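Next come the chains, spelled out residue by residue.
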Amino acid sequence: RVFNFSAGPAALPESVLRRAAEEMLDWHGTGVSVMEMSHRSAAFQSIYQQAEADFRELLGVPANYRILFMQGGAIAENAIVPMNLLGDKRGADYVVTGSWSTKSQQEARKFAEVNIAATAEASGFTTIPAMERWRLSDDPAYLFICSNETIGGVEFAFDPDLGDIGRPDLPLVADMSSNILSRPMDVSRYGLIFGGAQKNIGPAGLTFVIVREDLLGKAHKDCPSAFDYALVAEAESMYNTPPTYAIYIAGLVFQWLRAQGGVEAMGQRNAAKSALLYNYVDTSDFYENRIDRACRSRMNVPFLLKDDRLNAAFLEESAAAGLVQLKGHKSVGGMRASIYNAMPIEGVEALIGFMQDFAKRKG
Ligand code: PLP
């Protein structure tokens, strides 16, 4: 197989795909595929419960948080979050660090008075505004961040402690679509974490929500029932038919992660992988990355060729060398190497080898 640098849906561990293929026609002697099982069957219930338990253990989710498996993706959550968390408050605060948090705050405006507590727009979204400079509104329902901006390549390297800015009780909400399970984290710093599964967890179609129990039960009266966190939690994610096959694959990924040493090992590997690539880009005079070093994403490494007339050749030749889906997002141009958990260090080494060779030939 090639090394696949797709930003998402992204590469999955090969052993997971092989196991799914082996089990495709007959899951554990049931005679049916997981795709063909009732979500209420004992067989699927066991798959679901194992996946939930493994996710909880891997991330260290405290007992007073519920894990919900939903649909609609992270973009739907941009609306579902305010519909559920606003309660009797009028507004919510957003920290804007790139394309995804920009989208989130725009969507929230349909439901809430949005205060931009901080924005990195003036920098071209190359940094994260220091917490001491966040300007919160008087009584927001929550404060929103995107922990990893998949397009721009900016990542929170820490779990913000709102106690540090005098708001210990304000729920922190994070879109973690693209860095969930990539390092150890302190879930207790957050009121709610959500994301689409299709980067570090599994196939598209599954949305995870991790929500502190005291935030349940405040949904707006017009909130669709299938998106009311309290109803979904009460029904153990079976209020409607959940994306069963995607949950099954996510479960296999969680088992793979446990075998790899969990998020501790992943965090070390992801730090090493991204450092290798950034170090090469920084020392090269052929490529560049403009993100503040302290905020560089360990999941998505965007880089520019200093001569952008070579972009097409770079993409064509890298693909021919078995390094695929490196094209940067159209809003930033250049290249982007997404190196999620499933990308081995050998993939990053192969990419650097290609980049060196390309630079030597064209530089
Ligand atoms: N938020 C982030 C950080 C993302 O990377 C993505 C990427 O797809 C989205 C939101 C959108 O998610 P979805 O397409 O699952 O709605």
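Bear in mind the structure is a predicted one, so any value in this text is a computation, not a measurement. (Residues numbered from 1 in each chain as written. Predicted model: local features only at pLDDT ≥ 70, side-chain atom pairs only at ≥ 80, totals over all residues.)

## Some remarks on the UniProt feature "binding site: L-glutamate" (unreviewed entry) in the chain
Rule in force here: UniProt positions are given in the numbering used here, feature names are shortened, and annotations may be inferred rather than shown by experiment. We count a stretch as a helix when DSSP gives it H or I for four or more residues in a row; a strand needs E for two or more, and each element gets its number in order from the N terminus. With C-beta atoms placed from the backbone, the exposure class of a residue follows from how many other C-beta atoms lie within 10 Å of its own: 20 or more, buried; 12 or fewer, exposed; in between, partly exposed.
Residues annotated by UniProt as "binding site: L-glutamate" (unreviewed entry) correspond here to Arg-40. With respect to the helices, strands and loops of the structure, Arg-40 is situated in the loop between helix H1 (14-22) and helix H2 (42-59). A residue is classified by how many C-beta atoms lie within 10 Å of it, and Arg-40, with 9 of them, is exposed.

## Describing the sheet that holds strand E12 (residues 300-305)
Threshold: Think of it this way: DSSP has to see at least two bridges between two strands before they count as a pair. Residue pairs are scored as contacts if the distance between their C-beta atoms, which are placed from the backbone, is within 7 Å. Axis lines are fitted through C-alpha atoms, for helices just across the contact stretch, and the angle between N-to-C directions can take any value from 0 to 180 degrees.
Spatial strand order, E11-E12-E14: three strands in an open sheet with antiparallel pairing. Each of the sheet's edge strands pairs with one partner strand only, and the pair in question is strand E11 (287-288) and strand E14 (335-338). Lying over the sheet, helix H7 (residues 262-283) contacts E11, E12 and E14, oriented at roughly 15 degrees with respect to E12.

## Considerations on the packing of helix H6 (residues 244-260) against H7
The angle between the axes and the distance between the axes are what describe a pair of packed helices. Going by this rule: Should an angle lie under 35 degrees it is considered roughly parallel, over 145 roughly antiparallel, and from 65 to 115 roughly perpendicular; all remaining angles are considered oblique. Following the grouping adopted for this structure description, the nonpolar residues are Ala, Val, Leu, Ile, Met, Phe, Trp, Tyr, Cys and Pro, the charged ones are Asp, Glu, Lys and Arg, and the polar ones are all others, Gly among them.
Following both chains from N to C, one finds H6 and H7 inclined at 75 degrees, their axes separated by 7 Å at the closest point. Taken together, the axis directions place H6 and H7 in an arrangement best described as roughly perpendicular. Contacts from Leu-257, Arg-258 and Gln-260 of H6 reach H7 at Gly-262, Ala-265 and Met-266. Of the residues that constitute the contact of H6 with H7, the class distribution is three nonpolar, two polar and one charged.

## Looking at unusual backbone geometry
The amide bond that connects Gly-8 to the next residue, Pro-9, takes the cis arrangement and shows omega of -10 degrees. A positive phi is found at Ser-237, a non-glycine position, where the angle reads about 65 degrees. Considering the arrangement of structural elements, one finds Ser-237 in the loop between helix H5 (229-234) and H6.

## Notes on the site of the ligand
Note the threshold: Any residue whose C-beta atom, as set from the backbone, lies within 6 Å of a molecule or strand is reported as near that molecule or strand.
Neighbouring residues of the ligand: Gly-8, Gly-73, Ala-74, Ile-75, Trp-100, Cys-146, Thr-150, Asp-175, Ser-177, Ser-178 and Gly-196. Looking at the shell around the ligand residue by residue, the class counts come to four nonpolar, six polar and one charged.

## Some words on the nonpolar core
To be explicit about the condition: Each nonpolar core comprises buried Ala, Val, Leu, Ile, Met, Phe, Trp, Tyr and Cys residues, the members being joined through C-beta atoms within 7 Å. A domain assignment, automatic or from a database, supplies the domain bounds used here.
Of all hydrophobic cores here, the largest spans 106 residues; its most connected members are Ala-92, Leu-192, Val-209, Val-211, Ile-247, Ala-250 and Val-253. The element that contributes the greatest number of residues to this core is H6, accounting for nine residues. Both domain 1 (14-259) and domain 2 (262-362) contribute no fewer than three residues apiece to this core. For Ala-92, the residues in contact, after removing those within four places along its chain, are Pro-82, Leu-86, Ala-108, Ala-112, Val-114, Pro-140, Ala-141, Tyr-142 and Phe-144.

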